[in-house]
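Architecture at a glance
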Amino acid sequence: MMEFLKDFQKMGIYLAYNVNVDAIVYLNEKHIESLIKEFGAENIKKRIDEYPREINEPLDFVARLIHALKTGKPQAVPLVSYEADKWFNSRFKYDFERIGGQVGVIANLLANLDFNKVIAYSPLLGRKQAEMFVNRDNLLYPVVENGKLVLKKPLEAYREDDPVKINRIFEFRAGTKFKLGDETIEVPYSGRFIVACRFEDFARIETSPELKPYLPEIGEMVDGAILSGYQGLRRYYSDGKDANYYLRKAKEDIKLLKKKKDIKIHVEFASIQDRELRKKVIYNIFPLVDSVGMDEAEIAHILSVLGYRELSDRIFTYNRIEDAVLGAKILLDELNLEILQVHTIYYLMYITHNDNPLTEEELTKSLEVGTTLAAARAFLGDIKRPEDVKVGLNIPFNEKGEYVKLRFEEAKAKMRTREYKIVIIPTRLVRNPVSTVGLGDTISAGAFASYLSLLKRKE
Ligand SMILES: Nc1ncnc2c1ncn2[C@@H]1O[C@H](COP(=O)(O)OP(=O)(O)O)[C@@H](O)[C@H]1O
Ligand SMILES: O=P(O)(O)OC[C@H]1O[C@](O)(CO)[C@@H](O)[C@@H]1O
Ligand SMILES: [Mg+2]
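Calculation rules
Residues numbered from 1 in each chain as written. Chains lettered and ligands numbered in written order. Predicted model: local features only at pLDDT ≥ 70, side-chain atom pairs only at ≥ 80, totals over all residues. Heavy atoms only, no water. UniProt positions renumbered as here; feature names shortened; annotations may be inferred. Near = heavy atom within 4 Å. Polar contact = N/O pair within 3.5 Å; in protein donor to acceptor, adjacent residues only side chain to side chain. Helix = DSSP H or I, 4+ residues; strand = E, 2+ residues; numbered from the N terminus. Nonpolar A, V, L, I, M, F, W, Y, C, P; charged D, E, K, R; others polar. Domains from an automatic or database assignment. Contact = heavy atoms within 4.5 Å. Buried area = accessible area lost by both parts, 1.4 Å probe. Salt bridge = Lys/Arg side-chain N within 4 Å of Asp/Glu carboxyl O. Phe/Tyr/Trp six-rings, centres within 6.5 Å; stacked < 30°, edge-to-face > 60°. Lys NZ or Arg CZ within 6 Å of the ring centre and 35° of its normal. Areas by Shrake-Rupley, 256 points an atom, 1.4 Å probe, with all protein chains shown as cover. 1 Å grid on protein atoms, 1.4 Å probe; cavity = no way out; pocket = protein on both sides within 12 Å on 5 of 7 lines; lining within 4 Å. Points joined across faces, edges and corners; volume = space filled by probe spheres on them. Axes fitted to C-alpha atoms, helices over the stretch in contact; angles between N-to-C directions. Parallel < 35°, antiparallel > 145°, perpendicular 65-115°, else oblique. Left-handed = near helix turned anticlockwise from the far one by under 90°. Buried < 20%, exposed > 50% of the residue type's maximum accessible area, 1.4 Å probe, protein only. Pairing = 2+ DSSP bridges.

Naming follows UniProt, where the protein appears as ADP-specific phosphofructokinase of Thermococcus litoralis. Per UniProt, the protein has the following entry under Function: "Catalyzes the phosphorylation of fructose 6-phosphate to fructose 1,6-bisphosphate using ADP as the phosphate donor." Check the Pathway section of the UniProt entry for the protein; it says "Carbohydrate degradation; glycolysis."

Moving on: the site of ligand 2. Near ligand 2, the surroundings consist of 16 residues, among which N18, D22, K165, R198 and D441 are the closest. Between an oxygen atom of ligand 2 and a side-chain N or O atom of K165, the distance comes to 2.6 Å. In the model, an oxygen atom of ligand 2 is placed 2.9 Å from a nitrogen or oxygen of the D441 side chain. At the level of elements, β2 (20-26), α6 (101-112), β8 (166-172) and β11 (191-197) are the ones that each hand at least two residues to the shell around ligand 2. Looking at the shell around ligand 2, its residues break down into 4 nonpolar, 8 polar and 4 charged. Each of domain 1 (2-19 + 101-162 + 200-458) and domain 2 (24-97 + 163-197) gives at least three residues to the shell around ligand 2.

This part covers the domain arrangement of the protein. Considered domain by domain, the protein is made up of domain 1 (2-19 + 101-162 + 200-458) and domain 2 (24-97 + 163-197). If you average the C-alpha positions of domain 1 and of domain 2, the two centres end up 26 Å apart. With 27 residues of domain 1 in contact, the opposing surface of domain 2 contributes 25 residues. The largest share of the area that domain 1 buries against domain 2 comes from F202, Q273 and V437, three residues that together contribute 29% of it. For the salt bridge of E97 with K128, the shortest nitrogen-to-oxygen distance reads 3.1 Å. If you look at where domain 1 meets domain 2, you find 10 residue pairs in polar contact (both at pLDDT 80 or more). Those elements giving two or more residues to the side of domain 1 that touches domain 2 turn out to be α7 (127-132), α11 (275-285), α12 (296-305) and α13 (309-318). Here the side of domain 1 that touches domain 2 is built from residues that sort into 11 nonpolar, 8 polar and 8 charged.

Okay, the packing of aromatic side chains next. Two numbers describe a pair of aromatic rings. These are the distance of the centres and the angle of the planes. Tallying each qualifying case throughout the model produces 22 aromatic pairs. An aromatic cluster is built from F39, F61, W87, F88, F92, F170 and F193, whose rings are joined through pairwise contacts. For the cation-ring pair, R428 lies above F397, with the distance from its terminal atom to the ring centre recorded as 4.3 Å.

Taken together, 19 residues surround ligand 1, and among them R192, D295, T344, V430 and G440 come closest. Contact between ligand 1 and T344: an oxygen atom at 2.8 Å from a main-chain N or O atom of the residue. Here an oxygen atom of ligand 1 sits 3.4 Å away from a polar atom, N or O, in the main chain of L439. Considering ligand 1 on its own, with 580 Å² of exposed area, one finds that the protein chains cover 93% of that surface. Classifying every residue of the shell around ligand 1 by side-chain character gives 10 nonpolar, 5 polar and 4 charged.

Once rolled over the atoms, a probe with the size of a water molecule shows which space is left empty. Estimates place the volume of the second largest pocket at around 390 Å³. Considering the residues around the second largest pocket, the lining is formed by 19 residues, among which Y51, H301, S312, D313 and F316 are closest to the centre. Listed by contribution, the elements that provide at least two residues to the lining of the second largest pocket are α4 (58-71), α11, α12 and α13. A per-element tally of the lining of the second largest pocket places α13 first, with 5 residues. Taken together, the residues of the lining of the second largest pocket sort by class into 4 nonpolar, 9 polar and 6 charged. Residues lining the lining of the second largest pocket come from more than one domain, with at least three contributed by each of domain 1 (2-19 + 101-162 + 200-458) and domain 2 (24-97 + 163-197).

Here the focus is the packing of helix α2 (residues 29-39) against α4. Look at α2 against α4: their axes get within 11 Å of each other, and the N-to-C directions meet at 135°. With respect to each other, α2 and α4 are oriented oblique. Here the hand of the crossing between α2 and α4 comes out left-handed. Here I32, L35, I36 and F39 of α2 lie close against α4, whose contacting residues are P58, L59, F61, V62, L65, I66 and L69.

With that settled, the discussion passes to the pairing of β8. Counting buried positions along β8 gives 6 out of 7 residues, so the element sits mostly inside the fold. Both β2 and β8 contribute to a ladder of 6 bridges, which runs parallel. Each residue of the ladder has a partner; that of A23, found in β8, is R168. Relative to β11, β8 is paired through 5 bridges, and the arrangement is antiparallel. Directly across from E171, in β11, lies its bridge partner R192.

Under the present numbering, the feature "active site" in UniProt falls on D441. Looking at the element boundaries, D441 is found in helix α18 (residues 439-458). Note on D441: relative accessible area 10%, which makes it buried. Setting aside chain neighbours within four positions, we find D441 in contact with G101, Q102, V105, I106 and E268.

Turning our eyes to something else, we now look at the environment of L439. Locating L439 in the fold gives a position in helix α18. Considering only alpha carbons, one finds L439 and I345, 94 residues apart in sequence, at a separation of 10 Å. Contact partners of L439, with chain neighbours within four places excluded, come to A374, R377 and A378.

Our focus in this paragraph is the sheet that holds β2. Reading across the sheet, the 5 strands line up as β3-β11-β8-β2-β4 and stay open at both edges, with mixed pairing between neighbours. The two strands at the open ends of the sheet, each matched to only one other strand, are β3 (75-79) and β4 (96-100). Ignoring which end each strand starts from, the neighbouring axes of this sheet average 25° apart. Lying on the sheet, helix α5 (residues 82-91) is in contact with β3, β8 and β11; it crosses β8 at an angle near 50°.

Okay, structure coming up:
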């Protein structure tokens with residue numbers, strides 16, 4: 001781990017497109033019981049069966065939340081109604097606010113790790129949002145002035161009138177118990193449930209037309225890019241545009257970033273409830289990028305729309321490593337990625353084709369960077385300086401580690417894996433994390449950055 005910190009000081013990363021404010025609530029038994037009392041167990045059960053994919057009214061939220069608590073899986077559901085948005089503010093007191101969105105989480109992380117240059121872009125940058133970025137010289141927002149690309153601190157670049165997007169995060173903990181009618185539910189794993197604000201203002205995931213011509217120049221300044229936020233797209237917009245329009249623009253961006261320098265691009269995937277949109281994002285974006293990261297719920301979601309519904313259900317229900325490996329092989333091949341990274345509560349996995357320049361030992365080291373950073377963040381709440389990483393090194397690998405390795409060896413013996421490099425490591429799991437939201441983004445940023453630095457050493 002520590003050896004990478006030096007490399008990081010020489011590296012530059014571009015980040016786009018999503019940043020927001022995360023308003024966090026630690027869910028306790030009281031919250032849950034009072035929601036069930038208010039909405040009625042039978043109504044909630046009925047709504048769970050209907051499985052709303054958007055939050056139009058509070059009951060949609062309660063149903064999806066209870067469903068997520070039952071499975072313990074990380075989930076995110078779009079919020080589309082202004083009235084429901086108001087309800088959240090009147091119903092919950094938020095424990096704290098922090099920067100969110102892959103761009104927000106990763107920008108602050110990399111800047112605090114002393115990366116040489118972090119260029120963070122999002123189409124909107126309101127004042128409150130700008131204030132949440134760490135105020136450091138290596139974290140910059142790109143603007144165009146007098147026909148020239150200028151990198152500015154977010155505090156010098158925000159636009160007073162830009163709206164600020166607020167997502168509600170419900171942190172839940174394993175062991176929380178409650179009754180739904182006569183059913184007793186115990187939350188099996190800790191995690192977060194995201195109410196992702198999807199008002200139209202926030203759903204235009206794109207590079208502004210002024211900045212777009214400078215993407216090749218930005219590509220030249222960095223070693224790699226991490227793109228995310230496609231989950232915010234809508235099928236249709238009030239001005240007649242649609243998801244296809246924005247995805248065409250997104251494809252142009254990727255090509256422009258690679259135009260002058262063949263940089264590696266990582267996409268951090270996030271939950272997309274709408275199956276059509278999910279399919280569109282996968283088919284349009286994945287084939288153009290080098291690396292993709294996701295959690296276990298997301299790989300199950302993806303396999304489901306690629307036509308592997310049974311495998312998808314198995315991953316969701318049983319958490320078996322052999323199913324995850326099989327699913328990862330399918331994704332790597334069908335979308336022809338260079339590398340795929342999957343993070344789950346107990347283990348992290350990389351899969352590449354056999355001709356990847358890195359050895360399995362090196363790939364293992366890269367995953368270790370990911371879990372060490374996540375453990376440090378889970379323990380401290382935030383990584384504020386490179387030394388904080390040491391805290392992560394002191395968090396032991398989780399107690400299921402040996403079991404994980406054993407199951408993985410068994411899976412490999414049963415499956416054709418000769419054409420691949422596959423590595424799995426157990427996670428360093430913090431028992432009482434300050435929060436869990438953004439830990440996946442942290443893992444992926446650490447894994448991708450260390451992957452880049454290992455590739456660089458080979459050159
Ligand atoms: N208590 C914890 N300590 C360390 N790592 C954790 C802890 N809880 C979760 N993680 C890691 O964080 C990951 C969460 O990723 P993900 O669901 O993508 O979250 P997000 O999208 O909010 O960043 C888990 O898969 C696990 O590897
Ligand atoms: O899908 P959205 O609304 O861009 O939000 C992404 C969410 O994912 C996170 O980045 C965590 O992965 C949160 O901080 C944020 O709320
Ligand atoms: Mg994630």
